[in-house]
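For reference, the chains in residue letters:
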Amino acid sequence: MTARRPSLAVVGATGAIGGVMLQILSQHADVWGEVKLVASPRVVGRKLVVRGEEAEVLALTEDVFDDVDVALFLVPDEVSARWAPLAASKGVVVIDDSAAFRMEGDVPLVVPEINPHAVRMRPRGIVASPNCTTLSLIVAIGALHAEFGLQELVVSSYQAVSGAGRDGVAVLREQLSLVAGTELGTKPGDVRRVVGDTDGSPFAAPIALNVVPWAGTDAGDGWSSEELAIRDECRKILDLPSLKVSVTCVYVPVVATHSMSVHARFENEVAVDRAHEILATAPGVVLYDSPGAGDFPTPSDVVGTDPTWVGRVRRSLDDPRALELFVCGDNLRKGAALNVAQIAEAVAAEFPRP
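The rules we used
- Residues numbered from 1 in each chain as written.
- Predicted model: local features only at pLDDT ≥ 70, side-chain atom pairs only at ≥ 80, totals over all residues.
- Heavy atoms only, no water.
- Helix = DSSP H or I, 4+ residues; strand = E, 2+ residues; numbered from the N terminus.
- Rg over C-alpha atoms; globule rule 2.2 N^0.38 Å.
- Contact = heavy atoms within 4.5 Å.
- Lys, Arg positive; Asp, Glu negative; His and termini not counted.
- Charge placed at Lys NZ, Arg CZ, Asp CG, Glu CD.
- Axes fitted to C-alpha atoms, helices over the stretch in contact; angles between N-to-C directions.
- Parallel < 35°, antiparallel > 145°, perpendicular 65-115°, else oblique.
- Left-handed = near helix turned anticlockwise from the far one by under 90°.
- Nonpolar A, V, L, I, M, F, W, Y, C, P; charged D, E, K, R; others polar.
- Buried < 20%, exposed > 50% of the residue type's maximum accessible area, 1.4 Å probe, protein only.
- Pairing = 2+ DSSP bridges.
- Right-handed = clockwise from strand over helix to strand, strands pointing away.

1. Considering the overall build of the protein chain
Looking only at helices and strands, the protein chain features nine helices and 13 strands. Taken against the 2.2 N^0.38 rule, which gives 20 Å for 354 residues, the C-alpha radius of gyration of the protein chain at 21 Å falls within 12% of a compact globule. Considering only C-alpha atoms, the protein chain reaches an extent of 60 × 50 × 40 Å along its principal axes. Sequence-distant contacts, at least 24 apart, represent 68% of the contacts inside the protein chain between residues at least 6 apart. The positive charge centre, built from 31 side chains, and the negative charge centre, built from 46, are 2 Å apart in the protein chain.

Quick look at the structure:
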């Protein structure tokens, strides 16, 4: 193979995750040759800045993948399902952020801090990146699993509205404008009457002054698709197909950064001091845990940063093999764009460097 820097296509460059990806490409070491920015026909011709230079957005067509080595798909499931296999058929290595291929047996689901070896095992030419909620959790849990041996997870998520895309952020901001400066939130249904019908909203109930215990679609038996996805993805990433996982997903009125309350049970007895040591040295994790001094992660402090932040680490009162912890991770950075970028950089390292 001739030594050169691989070429890159960013599909979905004009979206919320695409915007973060362009920042990351501009901030990280530049391992890429040509970078193509790709999006739907309605935004073709728009100029975006990447690596300090303006680039014109190209249409998503079959020809756009000519001479491309790696393509990042930051688009909805149905777009990835159609276009990712086409790109891969042209010899492009696809890194996909959607749910379209995550649970396919011949598509690796990769978190570079946990299973970097899986990047090279891509018989279909596609590598999947996990759900943003899974990613906000798994780096810290993976580090603890390597030491203690994970047996069970019970998770409650507090998910930012940007997990529902730009529409989710727009709905929150609109509803906040309607309730700001009022006395709403003191009587049954008063918020709902003011913000109006939720038909067409990404949320099943008002999100301003409220929490909504539902994310995703109906997966049967009272479970949501988001809850089952986190279960399935944790099992696949950690290679623990029988891992017990129970998740409740809740939207909260936060723009960006998911938070989770986690009960993790292990094979062996755990010690908080040792858990602190593991988390403090784990790649991609920041330990911030002195609650008596007010030191614990919150979304407003973590937003815009790359690591998973962990605090409130304590041993369960009734189980010496279990830990309770609270984690926060920016769902648009490590939860989406950053993990995809890290996978792509691992693929780029396979090319002989000039």
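Back to the write-up after that little detour.
2. Side note on the packing of helix H3 (residues 132-148) against helix H7 (residues 272-281)
Remark: H3 packs on H7, axes separated minimally by 9 Å, with the N-to-C direction vectors making an angle of 125 degrees. On the basis of the axis angle, H3 is oblique to H7. Crossing of H3 over H7 shows right-handed handedness. Between H3, through Ala140, Ala143, Leu144, Glu147 and Phe148, and H7, the contact on the second element is made entirely by Arg274, Ala275, Ile278 and Leu279. Grouping the amino acids of the contact of H3 with H7 by side-chain chemistry returns seven nonpolar, no polar and two charged.

3. Digging into the pairing of strand S1 (residues 8-11)
In summary, the side chains of a regular strand alternate between the two faces of the sheet. Neither face of S1 is open: one carries Leu8 and Val10, the other Ala9 and Val11, and all of them are buried. Of the strand pairs in this sheet, S1 and strand S2 (residues 35-39) are connected by four bridges, and their pairing is parallel. Of the residues in S2, the one forming a bridge with Ala9 is Lys36. Of the crossover connections in this fold, the one passing from S1 over helix H1 (residues 16-27) to the parallel S2 is right-handed.

4. Considerations on the sheet that holds strand S5 (residues 70-73)
Pairing in this open sheet of seven strands is mixed, and the strands run S3-S4-S2-S1-S5-S6-S7 from one edge to the other. Of all the strands in the sheet, the pair left with one neighbour each is strand S3 (47-50) and strand S7 (126-128). Across the sheet, the mean angle from the axis of one strand to that of its neighbour is 30 degrees, orientation sign disregarded. Strand direction decides the pairing type here: strand S6 (residues 93-96) and S7, joined by three bridges, are parallel. Note that in S7 the partner of Ile95 across the bridge is Val127. Contacts from H1 reach S1, S2, S3 and S5 within the one sheet, and its direction differs from that of S3 by about 40 degrees. Each of S5, S6 and S7 touches helix H9 (residues 333-348); the most contacted strand, S6, lies at about 160 degrees to it.

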